[in-house]
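# Report on the structure
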Amino acid sequence: MKSLPVLALLLWICSLFYMGVLLFVGGFLLVRLEVNRTSTCADVLPPGADVKGDFCLKEPRFRRAVVLIIDALKVDFTRYDPGNTSPRAFENKLPILDEMASSRPSQARLYTFRADPPTTTMQRIKGFTTGSLPTFIDVGNNFASSAVLEDNLVHQLGQAGKRVVFMGDDTWVSLFPRKFHRSLPFPSFNVKDLHTVDNGILQNIFPTMEGDDWDVLIAHFLGVDHCGHRFGPDHPAMAEKLTQMDNVIRSVIKRLQNDTLLVVMGDHGMTDTGDHGGESQKETDAALFLYSGSPLFPAPGSQVEPEVVPQTDLVPTLALLLGVPIPYSSVGQVLLPLFPLNSSLGASMSLSQAEALWINVKQVNRFLETYSNMAKDIPADGLSQLQSHFTQLSSQYLSSVSEGAPPSAELTASMQAYLNSVRETCRASWARFNPLKMAAGLLVLGFACVACFVLTELSLMVLQSSVLKAPLLSGLLAGGTVAAGQLFTMGFVEVSWCLGAGALMSEVTFLWRVRRAFTRGSSSARLSVWRLLNPTLLILFLRCTSLLSDSYVISEGRVVTFLLFTLGLYIPLRLNWDGLLVPSPPSDTQKPPGLLPPTLPLSTVRRESTALLVSVAVLVGCLYLSLSFHSCREEQGSCQPSAFLTPLSQVQDSRMRNLHYILSVASLSAWAFLLHRWLRHYGNLNCTSVAVFTARCLLPLTSICMGLHWAVSATPEDSFRNLAELISLAQVVLPRIAFGLLGLGLLLLWLDPLTVFLKMRAPLNSRGTSMPPPKYRASTGVSPQAELHHLIPQLYQRIRQSLEDGGSEGDEVDGRPAVEAYGLGTVYSAPLVLLCGLLGLGLLLLHAEGMALAFLLMLLEAAAVLHLHSSSSTLSSLQSHSSVFSVPWAPVVLWSLAASQFFHATGHLPTFPSIQWGAAFVGFPQGHLGTVLPASLVTLNTFASHIMFAVGCPLLLFWPLVREVRRTRTGRSGEDGDDVVMEMRLRENPQQFSSALLQLAARYLFITGAQVLASVCAAAILRRHLMVWKVFAPKLMFEASGFIVSSVFLLVGVTLVMRVDMAVARLFQKLLPENSR
């Protein structure tokens, strides 16, 4: 077997997909590092102030603030044109804003309020509370929390003792848990509901304002946004909503006191269809209205007014007006018209424009220094220029303060320019799509799929031609050239571009070399695009195209179940259509037996047909039962998650808890029993190897530890209080013992994977010595029928002949070989089955106890697919007599669909809230010191089904051989037939063995890679879609992560097969002379 070429080709294919995903994600997902530091009151002291003073204790410009957030308040909604006699539904419906700004210019202003993409509500809330530029992925220390971890206005107001009252969109409660003095959240997801949230606010906002139990009031209305999603902006319902908001603002203004600031704002805009999420101006431009009962702004024309206010500028402005420090990570700039030119005007604590700007500059510079030390995504030359600029500003400002002169207008403008430069630098790094990278990533992934498909169809030719050297060298050369060009032109190397260029060049070179080898080679190989149009791959194509639909992604669990059911029924229907499901007599009984091709006995055909139908029935039953273990997305309003997802300790009903525990333990026992029974049936538990020790001892011991752990974990907290310490200790020790046993088992399995028992016959004293009739009792625990059935006669004959001494025939009596080997017929599949069993127990330990039945269904479904494939292959051999060990597309697609189906049937969903973070604390209830181990445990939990089916994928190659039946040339069983050698047939054809294993792995990678490509296309095409950050981006991340995990464990399974092949070769070397195989 060509182990190294097979492994090298698979690693190369996987790396192509990795590089394509990396390149696309670099242009699509907006990523930055969170800085979890907090500003203090001492940070706000301006130069020359009393160092013993406390900025937070001074009287602020405003004692209170009312913040009204009207979701999706597009700036066009706030414009008022009295000359418009026939306004559209969204025009002239908010006259109060323009009216106040025009009639009271010293008290009110209306601005265009520009958001940074992505323009989704959660990211925008983060933006105007932290002052930073939130992205799709904010990498923080607490990977298990959706709460805002960075310093923010809500936190600073609470630290200053201000009572923050919130009402409206419940997103705020999840982002700022336990941060509000009082909160009244209302469900926000149902976009068809235009009134629940708004009416709930209206019932509470005015009584709250009239009371005295608040300092800052935040109200987030959702009706306008929901109306846009449901009807679009130009609809009568939008006119009603905007009119309602106009009345709300009027009522709030009437109740305002002079020391209260009113902020009316939209978090984002909307398109003409009512959507948002992208970066078009219609989506980013919202409205900002500021009002105070006392004079707030200078006279019109006395200062330059900004045409557009960036959303980040609200944070430092509100912070200084309310007397709290600017949040640490803010990159916003104070809105100067709200501050006087000098501090002699206004209230006792009224910062001048220069003082506010200087405090702002210091805060932004401090953040920039901290962030640049933690992350390296801001260019070094840009950082150097910004630092030099700050040094000059600091020197000029401090010099001006020491001289007692007010800062010059030039210095003020220079500070504004510095703040703008910092924000633009950060925006360029964090908050923009990179279409070029996205297109390059798509190109690399597309060529990777093509190369993978070519490898599946021409695996034998590729192995024989050794075409991988040129692609690797060309890829390295292309990557090095790009790196050198970047160093020469930009002074630094962007690794993703180098990897992408190398991957693309490697793919093109591979396809070119394969084409040359194909044209020069024999005509027996055929490669056609029409092979993609078989019914099985059409199901794969249908699934991939469906990823463009958010409805499909939301309901994927049930749709994949249906596709798996459909393909499972298609196989027997196709066989019946071909006349292979019902046995038929031989077509030509006049030919001599030697001229007839090998056929199957009628009884065997009946048996295989029955096995196939039983496998379909088991598959359908498992699919039906697995629907009971699904979780629910929040988009599925009436859906109820499975009761089995609830940990036993949280089940209140003691009878139900006991029933679930018994069912879980019974499922766990059945898992261990079925694995042990299969290994025993095929004679793989007879020897004394460490692999057999793992199956006989470690597997049941691990099951016992898991059962005890579940019993301890299911104990209610108020029970057995005297044993609380012992129970806590058991919750740590038992799972760690189970993990240790599984780890030991995996190590022993790798060191010695053979489960073969050899029995050597004693040499005879003479050729004529008679022997008693053979008694096949190689070891206890194996029936004589099993021993007879799973001997490898042809192989034994070769071993016997190789051990003959001088051509003597005395070593064989009654046709019995000199060496008998038990378990050799399943020498490859047995270690794989044992590996799957060990991994399955470890992955089950990371799930809730109720998932034990789901894992048992997974085992039964996998067995059903394998038997379905085996029986189908056996019956199909009546038509085709090819000796090539090729696994058709149908079982591979079935196998891949089963992995996706059980991803949902184990309670998982492609959403971040559905991640089962509790897996990180199995065996570690007190937490972890780092993040690598908990992240690994959560990854294993999330992609458990991907791992199981990927590592067991080579079983699709071995299972038809495990269930191999004898062929006859007379039509009667047992006469003139071919020997049953099972998996040893692969050893007889090492070239075809390597080709078949490579083809199977490449087909599985092609299927999963095509799904990644489809997810990438969906995210790229729909990047401006309303649900891109809610549905398509998470789906892309889960699909890409699932591919990475699947490919890694597929390589583990293939590597184990190669490890077994090496062990078998060493076994033969001990038995055979040097000149024998």
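Keep in mind that this is a model prediction, so the values were computed, not measured.

### Section: the overall build of the chain
Helix and strand content of the chain: 35 helices and 12 strands. Here the chain holds 1077 residues, and the buried ones make up 55% of them. A fraction of 80% describes how many contacts in the chain between residues 6 or more apart in sequence connect residues 24 or more apart. Working note: accessible area of the chain is about 44700 Å², and carbon and sulfur atoms make up 59% of it.

### Remarks on the pairing of strand 7 (residues 216–221)
Regular strands place their side chains on alternate faces of the sheet. Most of strand 7 is tucked away: 6 of the 6 residues are buried. Here strand 7 shows no split at all, with V216, I218 and H220 on one side and L217, A219 and F221 on the other all buried. As judged from the 5 bridges shared by strand 5 (residues 164–169) and strand 7, these two strands associate in the parallel manner. The partner of V165 across the bridge, within strand 7, is L217.

### Some thoughts on the packing of aromatic side chains
As enumerated under the stated definition, the model contains 29 aromatic pairs in all. Relative to F510, the ring of W12 lies with its centre 4.7 Å away and its plane at 50°, an arrangement referred to as tilted. Pair noted here: W12 is in helix 1 (residues 3–28) and F510 is in helix 17 (residues 495–520), with a separation of 498 residues, a long-range link. Taken as a pair, W12 and F510 share a single burial class, namely buried. Joined through ring pairs, the aromatic side chains of F128, F166, W172, F176 and F180 make up one cluster. The ring centre of W214 lies 4.3 Å from the NZ or CZ of R64, which sits over that ring. It is R255 that lies over the ring of F206; its NZ or CZ is 4.3 Å from the centre.

### Examining the sheet that holds strand 9 (residues 285–292)
Here 8 strands make up an open sheet; going across it, the order is 6-5-7-2-8-9-3-10 and the pairing mixed. Taken across any chain shown, the strands that pair with only one partner, and hence form the sheet edges, are strand 6 (182–186) and strand 10 (308–310). This sheet shows a mean twist of 20° between the axes of neighbouring strands, independent of strand direction. When strand 3 (residues 108–114) meets strand 10, the two strands line up parallel, connected through 3 bridges. In the sheet register, R114 faces strand 10, and the bridge partner there is P310. The strands touched by helix 6 (residues 196–210) are strand 2 (64–70), strand 5, strand 6 and strand 7; relative to strand 7, the strand with the most contacts, the crossing angle is about 160°.

### Brief notes about a nonpolar patch on the surface
Together, L22, L487, V493, V495 and L499 give the surface a local cluster of nonpolar side chains, amounting to about 400 Å² of exposed area. Judged by its relative accessible area of 32%, L499 is partly exposed.

### With respect to helix 18 (residues 535–546)
Counted at 1.5 Å a residue, the expected span for helix 18 with its 12 residues is 16 Å, and the 17 Å between its end C-alpha atoms agrees. Of the residues making up helix 18, those classed as buried are T536, L537, I539, L540, R543 and C544. Projection of helix 18 onto a plane perpendicular to its axis shows the buried side chains occupying an angular sector of 150°, all on one side. For helix 18, the elements touching its buried residues are helix 19 (550–554), helix 20 (556–577), helix 29 (889–905) and helix 34 (990–1021).

### Let's talk about the packing of helix 23 (residues 690–713) against helix 24 (residues 724–751)
For any two helices packed against each other, the geometry comes down to the angle between their axes and how far apart the axes lie. One way to put it is that helix 23 packs onto helix 24 with a least axis distance of 9 Å and a crossing angle of 160°. Taken together, helix 23 and helix 24 sit at an angle that is classed as roughly antiparallel. In this structure, the crossing between helix 23 and helix 24 has a hand that is left-handed. Counted by class, the contact of helix 23 with helix 24 contains 20 nonpolar, 6 polar and no charged residues.

### Here we look at the pattern of salt bridges
The final tally for this structure, using the stated rule, is 22 salt bridges. A salt bridge links D234 to R88, with the nearest nitrogen and oxygen atoms 3.3 Å apart. You can see D234 sitting in the loop between helix 7 (223–231) and helix 8 (236–255) and its partner R88 sitting in the loop between strand 2 and helix 2 (95–103), a full 146 residues away along the chain. You can call D234 partly exposed: its relative accessible area is 43%. The class of R88 is partly exposed, set by a relative accessible area of 44%. R255 is paired through a salt bridge with E210; the nearest N and O atoms lie 3.2 Å apart.

### Things to note about the packing of helix 2 against helix 8
With their axes 8 Å apart at the nearest point, helix 2 and helix 8 run at an angle of 40° to one another. On the basis of their axis angle, the class for helix 2 and helix 8 is oblique. For the pair formed by helix 2 and helix 8, the contact residues are P95, I96, L97, E99 and M100 on the first element and D246, I249, R250 and I253 on the second.

### Let's talk about the environment of V197
Following the sequence through the fold, V197 ends up in helix 6. Spatially, the C-alpha atom of V197 lies 9.2 Å from that of D170, the residues being 27 residues apart in sequence. Dropping the residues within four chain positions of it, V197 is found in contact with G168, D169, F186, P187, H220 and L222.

### Section: the nonpolar core
By size, the foremost hydrophobic cluster in this structure holds 193 residues, and its most contacted members are F28 and F510. Here the element with the most residues in this core is helix 35 (residues 1028–1071); it accounts for 22 residues. When neighbours within four sequence positions are excluded, F28 is seen to be in contact with F433, M438, A1019, R1023, V1028, W1029, A1033 and L1036. Y111, W358, L419 and V422 belong to the second largest nonpolar core, which has 71 residues in total.

### Focus on empty space enclosed by the protein
One pass over the full model with this rule turns up 10 cavities of 30 Å³ or more. In this structure, the largest cavity encloses a volume near 150 Å³. Broken down by secondary-structure element, the contributors of at least two residues to the lining of the largest cavity are strand 2, helix 3 (121–130), helix 4 (153–159), strand 7 and helix 10 (314–322). Residues belonging to the lining of the largest cavity are distributed by class as follows: 14 nonpolar, 1 polar and no charged.

### Re the side chain of T906
Its place among the elements puts T906 in the loop between helix 29 and helix 30 (932–942). Reaching out from T906, the side chain makes a polar contact with the backbone oxygen of F902 at a distance of 2.7 Å. Contact partners of T906, with chain neighbours within four places excluded, come to F629, L645, H847, M851, F855, M858 and Q916.

Conventions adopted
Residues numbered from 1 in each chain as written. Predicted model: local features only at pLDDT ≥ 70, side-chain atom pairs only at ≥ 80, totals over all residues. Heavy atoms only, no water. Helix = DSSP H or I, 4+ residues; strand = E, 2+ residues; numbered from the N terminus. Buried < 20%, exposed > 50% of the residue type's maximum accessible area, 1.4 Å probe, protein only. Contact = heavy atoms within 4.5 Å. Areas by Shrake-Rupley, 256 points an atom, 1.4 Å probe, with all protein chains shown as cover. Pairing = 2+ DSSP bridges. Phe/Tyr/Trp six-rings, centres within 6.5 Å; stacked < 30°, edge-to-face > 60°. Lys NZ or Arg CZ within 6 Å of the ring centre and 35° of its normal. Axes fitted to C-alpha atoms, helices over the stretch in contact; angles between N-to-C directions. Patch = residues over 30% accessible without salt bridge, like charges linked within 9 Å, V, L, I, M, F, W, Y side chains within 5 Å. Salt bridge = Lys/Arg side-chain N within 4 Å of Asp/Glu carboxyl O. Expected span 1.5 Å × (residues − 1). Arc of directions from axis to C-beta. Parallel < 35°, antiparallel > 145°, perpendicular 65-115°, else oblique. Left-handed = near helix turned anticlockwise from the far one by under 90°. Nonpolar A, V, L, I, M, F, W, Y, C, P; charged D, E, K, R; others polar. Core = buried A, V, L, I, M, F, W, Y, C linked by side-chain atoms within 4.5 Å. 1 Å grid on protein atoms, 1.4 Å probe; cavity = no way out; pocket = protein on both sides within 12 Å on 5 of 7 lines; lining within 4 Å. Points joined across faces, edges and corners; volume = space filled by probe spheres on them. Polar contact = N/O pair within 3.5 Å; in protein donor to acceptor, adjacent residues only side chain to side chain.

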